[in-house]
Amino acid sequence: QAVCQAAAGARVRGVVGLQLHWLGIPEPPGGAPPAEGVEPCHHRELLNPLAREIRPYTWLLLGPLCLYRRPLRNNPRFEGVDLSGCNNPAACSFCLPIQDTPLPADPVAEAMRQIRAAEDTTPEQCRSREYMISGAALWFRIGDFADALLQSDLPPSAFFFHCRVDELLRGGADLEARLPALEARGLSINLHSIGVENFSPAENERFNKGISPAQVQQASELMGRWERRWPRGFGFTRHGGFSFILFTPWTTLADLEANVQGLRRLKAMDQDVVFALRTRLQLLPDRAITALAQHDGLVGTADDDHLFDSGCITDWDMAELPWRFEDERAALIYRFSRRVARDPAVPRDDPEGARVQAWVKAREGSLERDPLELVARAVDLLGSPAGSEVATLEDLLAGLAGTPGTD
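Only a predicted model underlies this, so the values are computations on that prediction, with no experimental measurement involved.

1. With respect to helix α11 (residues 328-340)
Stage number 1. Between the first and last C-alpha of α11 there are 19 Å, a value that for 13 residues agrees with the 18 Å anticipated at 1.5 Å per step.
Stage number 2. The element α11 is largely enclosed, with a buried count of 11 among its 13 residues.
Stage number 3. Those residues of α11 that fall on the buried side of the exposure criterion are Ala330, Ala331, Leu332, Ile333, Tyr334, Arg335, Phe336, Ser337, Arg338, Arg339 and Val340.
Stage number 4. For α11, the secondary structure elements touched by its buried residues are α9 (253-268), α12 (351-362), α13 (371-383) and α14 (393-401).
Stage number 5. Put simply, Asp327 is the residue that caps the front of α11, since its side-chain oxygen is 2.8 Å from the backbone nitrogen of Arg329.
Stage number 6. Of the residues one or two after α11, Arg342 is the one with positive phi, at around 55 degrees.

2. With respect to the packing of aromatic side chains
Stage number 1. Applying the stated rule across the entire model yields 14 aromatic pairs.
Stage number 2. When the centroid spacing of 6.2 Å and the interplanar angle of 70 degrees are considered together, the rings of Phe145 and Phe161 count as edge-to-face. Here Phe145 is found in helix α4 (residues 142-151), whereas its partner Phe161 is found in strand β5 (residues 157-162), with 16 residues between them in sequence. Comparing Phe145 with Phe161 shows no difference in burial state: the two are buried.
Stage number 3. Ring geometry for Phe247 versus Phe325: centroids 6.3 Å apart, planes at 85 degrees, classification edge-to-face. With Phe247 in the loop between β8 (242-244) and α9 and Phe325 in the loop between α10 (288-295) and α11, the pair connects residues that are 78 residues apart, well separated along the chain.

3. A few points about the side chain of Glu227
Stage number 1. Mapped onto the elements of the fold, Glu227 is located in helix α8 (residues 213-229).
Stage number 2. Polar contacts involving the side chain of Glu227 include one to the main-chain amide nitrogen of Phe236, which spans 2.8 Å.
Stage number 3. When residues no more than four places from it in sequence are discounted, the contact partners of Glu227 are Phe234, Gly235, Phe236, Thr237 and Arg238.

4. Some details on α4
Stage number 1. Restricting attention to buried positions, one finds in α4 the residues Ile142, Gly143, Phe145, Ala146, Ala148 and Leu149.
Stage number 2. Here the buried face of α4 lies against α3 (107-121), β5, α5 (165-176), α6 (179-184) and β6 (187-197).

5. Remarks on the packing of α13 against α14
Stage number 1. Contact pair α13 / α14: the axes reach a minimum separation of 10 Å and the direction vectors enclose 100 degrees. Classed by the angle they form, the pair α13 and α14 counts as roughly perpendicular. On α14, the residues that touch Arg377, Ala378, Leu381 and Leu382 of α13 are Leu396, Gly399 and Leu400.
Stage number 2. A breakdown of the residues in the contact of α13 with α14 according to their chemical character gives 5 nonpolar, 1 polar and 1 charged.

6. Looking at the pairing of strand β3 (residues 58-61)
Stage number 1. Alternating residues of β3 divide into Thr58 and Leu60, all buried, and Trp59 and Leu61, none buried.
Stage number 2. Bridge analysis of β3 against strand β4 (residues 130-134) gives 4 bridges, and the strand direction is parallel. Across the sheet, the residue bridging to Thr58 is Tyr131, located in β4.

7. Quick notes on unusual backbone geometry
Stage number 1. Phi at Asn208 takes a positive value of approximately 60 degrees, unusual for a residue other than glycine.
Stage number 2. Inspection of the secondary structure assignment puts Asn208 in the loop between α7 (201-206) and α8.
Stage number 3. By relative accessible area, which is 0% here, Asn208 ends up buried.
Stage number 4. Look at Asp270: it is not a glycine, yet its phi comes out positive at around 65 degrees.
Stage number 5. Considering the arrangement of structural elements, one finds Asp270 in the loop between α9 and α10.
Stage number 6. Asp270 sits in the exposed class, given a relative accessible area of 68%.

Thresholds applied
Each chain has its residues counted from 1, running along the sequence as written. In view of the model being predicted, local features appear only for residues whose pLDDT reaches at least 70, and side-chain atom pairs are presented and counted only at 80 or more, with totals across whole chains, interfaces and linings using the full set of residues. The side-chain figures draw on all heavy atoms in the structure; neither hydrogens nor water molecules are used. Under the scheme used here, helices are H or I runs from DSSP no shorter than 4 residues and strands are E runs no shorter than 2 residues, and both carry numbers assigned from the N terminus. Any helix carries an expected span of 1.5 Å times its number of residues minus one. Each residue is placed in one exposure class: buried if its accessible area under a 1.4 Å probe, protein chains only, is under 20% of its type's maximum, exposed if it is over 50%, and partly exposed if it falls in between. Throughout, a residue-residue contact means that at least one pair of heavy atoms, one from each residue, lies within 4.5 Å. Whenever two N or O atoms come within 3.5 Å, that pair is a polar contact, provided that in protein one can donate a hydrogen and the other can accept it, and provided that, for residues adjacent in sequence, both atoms are side-chain atoms. Ring pairs are drawn from Phe, Tyr and Trp, using the six-membered ring of Trp, whenever the two centres fall within 6.5 Å, and their geometry is named by plane angle: stacked under 30 degrees, edge-to-face over 60, tilted for the rest. Axes here refer to lines fitted to C-alpha atoms; in helices the fit is confined to the stretch in contact. Angles between the N-to-C directions go from 0 to 180 degrees. What sets the label is the angle itself: under 35 degrees gives roughly parallel, over 145 gives roughly antiparallel, 65 to 115 gives roughly perpendicular, and the rest give oblique. Ten residues, namely Ala, Val, Leu, Ile, Met, Phe, Trp, Tyr, Cys and Pro, are considered nonpolar, four, namely Asp, Glu, Lys and Arg, are considered charged, and the remaining ones, Gly among them, are considered polar. Here the rule is simple: two strands pair whenever DSSP picks up at least two bridges between them.

Here it is, written out as structure tokens:
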């Protein structure tokens, strides 16, 4: 009630993700983004000691979060699939609806305007000088943005982006040329997430992702070099790293073999890969990937392992649809993989989790304990003639105990 009284007359036209869409400001003639007519103000009053310890990101609102467009109607995996109810028919098949947020006329100028407003209006005790970029357009001008920062009098500050692998490679030379000067000024460019999703060409085609394993490896090598040479000017691995969707309703042993090889390459470049072993697809209403799963008859039933949120439920109104594995061998590997990788979403009293961890601990010193290699051996076992006798997690553990090189 106090907030409503303080903001009497304000109108909210919609919410997109974590940002307010626009605050009732009429769109100027010519379709210019309404945000460019709003003067940001970051003034606030801190009412308790805890509030004084919080230094939140300052968000720069710069249009749509993603500009990737690849029509699903051109994707052979979706041939014959009814996409009439899909809210995002031209991007990654699992992704949020395409935003109708207008692009800034000049994303660099708009970013600098919002940064200056934050500098001018943020109380000193609230400053973090960490800026989260909400909008993909600025990355496409990363060289110009870096130049604008270097030409400004901005104090040491950090800027956090999300981009695709192909977008990183496209802008890599422009950023690398400016990283020495940025680091010398105390300015840093950081990436908090880049989606790999899957190293299997078949799975990534279902995701409509449009990137290749070679691009992922090239990007990882490039960012690794930047982090070594300019550790205070660029950050990636310490902020989150790559994202994955390893298990899907269609996952096969061949898909898992391709992912083991890809994850091994990333691991050799000092990337954290264990978390990928516990990731799975969450089917949400109105997404193209959900329509594909429904078309293939893989929606509607699931075992209890599908009841754990993998992190995609970000709104109280969201509810996932249960799905099943087309290949029961993949389902068994999923149960093993997420437990050997110590998925925090598995309850502490889960009997299968306790059994897997006890099995690993009992073989300390004689067993390769790397979760990735254990999953690789599980895939090999189920793909061998002996795999036809493996039907339960107990069978899998017993089979692995007798596999050459593990005991």
